[in-house]
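Survey of secondary and tertiary structure
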Amino acid sequence: MMASASRRLMLTAFLLAPFSFSVASAQHTDEQGQIDTQIQNTWMRFLEEVRANDAQSAAEYFTPRVRKQYLEAFQSSGDQLHKIADGWSKIKAVSLSTPFAEYTLFDDEGDGQRMFLITFVKSADGSWMIHSM
């Protein structure tokens, strides 16, 4: 799983390199900092809903295109939804641009550490939404 995610991350970085900001350096531009702050706030509000076992509200942080899929997954967790975030690291920016941004998340739950790529999309109203994870 980790190798597949790493390949996906490398391929995505290669394909988006001309159109995105590199966040490998310690310094962010003002625009990158604003994007990161907005996305981190979106992520924290999403996690609050997950930890409150509110599948419907948690799904609202996803783009309309994938919302139903994630809502069904969250609802299938029942009253254990709050546990899905156990072991999750903080998200870390991989690439920041408008209208797309990518972050990594590490999950220490289970037998070992797994890496996930989370894609955010800026909506027409200016808010950032989760498109995939």
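This text follows the structure it describes.
Throughout what follows, the structure given in this document is the object of discussion. Quick caveat: nothing in here was measured; it's all calculated off a predicted structure.

Right, let's get into the pattern of salt bridges. In total, this model carries 2 salt bridges according to the counting rule given. Salt-bridge contacts for Arg67 lead to Glu60; the nearest nitrogen and oxygen are separated by 3.9 Å.

Before going further, it helps to spend a moment on the packing of aromatic side chains. A complete count under the given rule lists 9 aromatic pairs for this structure. Ring geometry for Trp43 versus Phe46: centroids 5.1 Å apart, planes at 45°, classification tilted. Of this pair, Trp43 and Phe46 both sit in helix α2 (residues 30-51), 3 residues apart, which is roughly one turn of the helix. In this pair, the class of Trp43 matches that of Phe46, namely buried. With a centroid separation of 5.6 Å and 80° between ring planes, the pair formed by Phe46 and Phe62 is classed as edge-to-face. Placement of Phe46 in helix α2 and of Phe62 in the loop between α3 (55-59) and α4 (64-76) is noted, with a sequence separation of 16 residues between them.

Structurally, the position occupied by Leu96 is in strand β2 (residues 92-96). Put simply, Leu96 and Phe120 are 24 residues apart on the chain and 9.4 Å apart in space, counted from C-alpha to C-alpha.

Let us now look at the side chain of Thr119. Take Thr119: it is sitting in strand β4 (residues 114-122). Not counting residues within four places of it along the chain, the set of residues in contact with Thr119 comprises Ala101, Glu102, Met129, Ile130, His131 and Ser132.

In an α-helix, one turn spans 3.6 residues; hence positions three or four apart end up facing the same way. For α2, built from 22 residues, the straight-helix expectation of 32 Å at 1.5 Å per residue is met to within 8% by its first-to-last C-alpha distance of 31 Å. By the burial criterion, the buried members of α2 are Gln32, Ile35, Asp36, Ile39, Thr42, Trp43, Phe46, Leu47 and Val50. Take α2 and look down its axis: the buried residues cluster within an arc of 140°, on one side only. Of the exposed residues in α2, the ones pointing more than 90 degrees away from its buried face are Asp30, Gln34 and Glu48. Once α2 finishes, Asn53 follows within two positions and takes phi at roughly 60°, a positive value.

Rules used in this analysis
Residues numbered from 1 in each chain as written. Predicted model: local features only at pLDDT ≥ 70, side-chain atom pairs only at ≥ 80, totals over all residues. Heavy atoms only, no water. Salt bridge = Lys/Arg side-chain N within 4 Å of Asp/Glu carboxyl O. Phe/Tyr/Trp six-rings, centres within 6.5 Å; stacked < 30°, edge-to-face > 60°. Helix = DSSP H or I, 4+ residues; strand = E, 2+ residues; numbered from the N terminus. Buried < 20%, exposed > 50% of the residue type's maximum accessible area, 1.4 Å probe, protein only. Contact = heavy atoms within 4.5 Å. Expected span 1.5 Å × (residues − 1). Arc of directions from axis to C-beta.

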